[in-house]
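A look at the structure
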Amino acid sequence: MASLVLLMCHNKVVGSTHLFWKRKRKEMDILLIGPPGAGKGTQAEKLSQLLSLRHIASGDLFHKAFEEQSELGLKARRYVDLGELVPDDITIPMVIRHIEEPESIQGVVLDGFPRTLAQAQTLDAELQRLDRQLDLAIYLKVSREELLQRLAGRFFCQANQHVYHTKFRPPKVADRCDLDGSKLYQRPDDAGEAMRRRLVIYFNQTTQVLDYYREQHKLRVVDGNQSIDQVQEMLMNEINDYMSREAKA
Ligand SMILES: [Zn+2]
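Report follows, based on the coordinates.

Looking at the packing of helix H2 (residues 40-51) against helix H9 (residues 228-248)
Between H2 and H9, the shortest axis-to-axis distance is 10 Å and the interhelical angle comes to 55 degrees. Judged on the interaxial angle alone, H9 and H2 are oblique. Handedness of the H2/H9 crossing: right-handed. Where H2 abuts H9, its residues Thr 42, Gln 43, Lys 46 and Leu 47 lie against Ile 228, Val 231, Gln 232 and Leu 235. Residue composition of the contact of H2 with H9, grouped by class: four nonpolar, three polar and one charged.

Structural notes on the sheet that holds strand S3 (residues 107-111)
On the basis of which strands lie adjacent, the open sheet formed by five strands has the order S2-S3-S1-S4-S8 and parallel pairing. Strand pairing shows two members of the sheet lacking a second neighbour, strand S2 (54-57) and strand S8 (219-223), which therefore form its edges. Here the average twist between neighbouring strands, direction ignored, is 20 degrees. Note: strand S1 (residues 28-33) against strand S4 (residues 136-141), four bridges, orientation parallel. Bridging from a neighbouring strand, Leu 32 pairs with Ile 138 of S4. Against the sheet, H9 contacts S4 and S8, and its axis sits at roughly 155 degrees relative to S8.

A word on the pairing of S4
With five bridges connecting them, S4 and S8 associate as parallel partners. Along S8, the bridge assignment pairs Ile 138 with Arg 220.

Brief notes about H2
The first and last C-alpha atoms of H2 sit 16 Å apart over twelve residues, in line with the 16 Å expected at 1.5 Å per residue. Listed as buried for H2 are Lys 40, Gln 43, Ala 44, Lys 46, Leu 47 and Ser 48. Where H2 is buried, its residues contact S1, S2, S3, S4 and H9. Ser 52 occupies a position one or two residues after H2 and carries a positive phi of about 55 degrees.

Focus on helix H7 (residues 144-152)
All of the buried residues along H7 are Leu 147, Arg 150 and Leu 151. One side of H7 carries all its buried residues, which in axial view fall inside an arc of 90 degrees. Where H7 is buried, its residues meet strand S5 (154-157) and helix H8 (192-215).

Some remarks on the sheet that holds S5
The strand order across the open sheet built from three strands is S6-S5-S7, with neighbouring strands paired in antiparallel fashion. Each of the sheet's edge strands pairs with one partner strand only, and the pair in question is strand S6 (163-165) and strand S7 (184-185). Here S5 pairs with S7 via two bridges, running antiparallel. Residue Cys 157 lies in a different strand from S7, and its bridge partner there is Leu 184.

Parameters and conventions
- Residues numbered from 1 in each chain as written.
- Predicted model: local features only at pLDDT ≥ 70, side-chain atom pairs only at ≥ 80, totals over all residues.
- Axes fitted to C-alpha atoms, helices over the stretch in contact; angles between N-to-C directions.
- Helix = DSSP H or I, 4+ residues; strand = E, 2+ residues; numbered from the N terminus.
- Parallel < 35°, antiparallel > 145°, perpendicular 65-115°, else oblique.
- Left-handed = near helix turned anticlockwise from the far one by under 90°.
- Contact = placed C-beta atoms within 7 Å.
- Nonpolar A, V, L, I, M, F, W, Y, C, P; charged D, E, K, R; others polar.
- Pairing = 2+ DSSP bridges.
- Expected span 1.5 Å × (residues − 1).
- Buried ≥ 20, exposed ≤ 12 C-beta atoms within 10 Å, placed from the backbone.
- Arc of directions from axis to C-beta.

Next up, the structure:
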């Protein structure tokens, strides 16, 4: 019963969203910021479906570019193979190219990019060139203890990177993917000291990015220590609030 009520709430939210949409046909570009394990990918996917926005995840971009064997993809591959971060002069053109494509005409949900202040500044300049601008930057705030717990229990399947969790989403058969039967593994940087280091780097970089968007009055913060449905509802509230202000302005 509870889930039914929630579903109805969502429909109402979506309904009003579409009203604003019709009134104002401007595209909507949203950025989701959140540490690894915050559920950013899941939420970005849902937002993209609800609002007909294109979901642009930086991880997927690289994956796609590798498969297409594009020039940028081949360049990026070298860094990924070495376990290094792909430099900005490859990442930024990849993201911008996707924003320029017809599929992004209604707007985009950016997930995993920008992750540094320099990237955020370049993104702004590039969007301006395209006569668009970032509407909202939403930070999914999750406590460090919660992240450690979530990441430490995370497993991926070898065939398709389907995600499992020992506590939140255990596989039906131990160590095997429900969907394709391949073996599950844990990412080395999801556990122990490597993960702790990854989080420290993440929080250091993100503080600057958050300050940047806060100064522009574009930052919204959503408590990510809740269920997927609750987080989604709060995200929609923030977006609807923004859109109703825009419509009045
Ligand atoms: Zn799988």
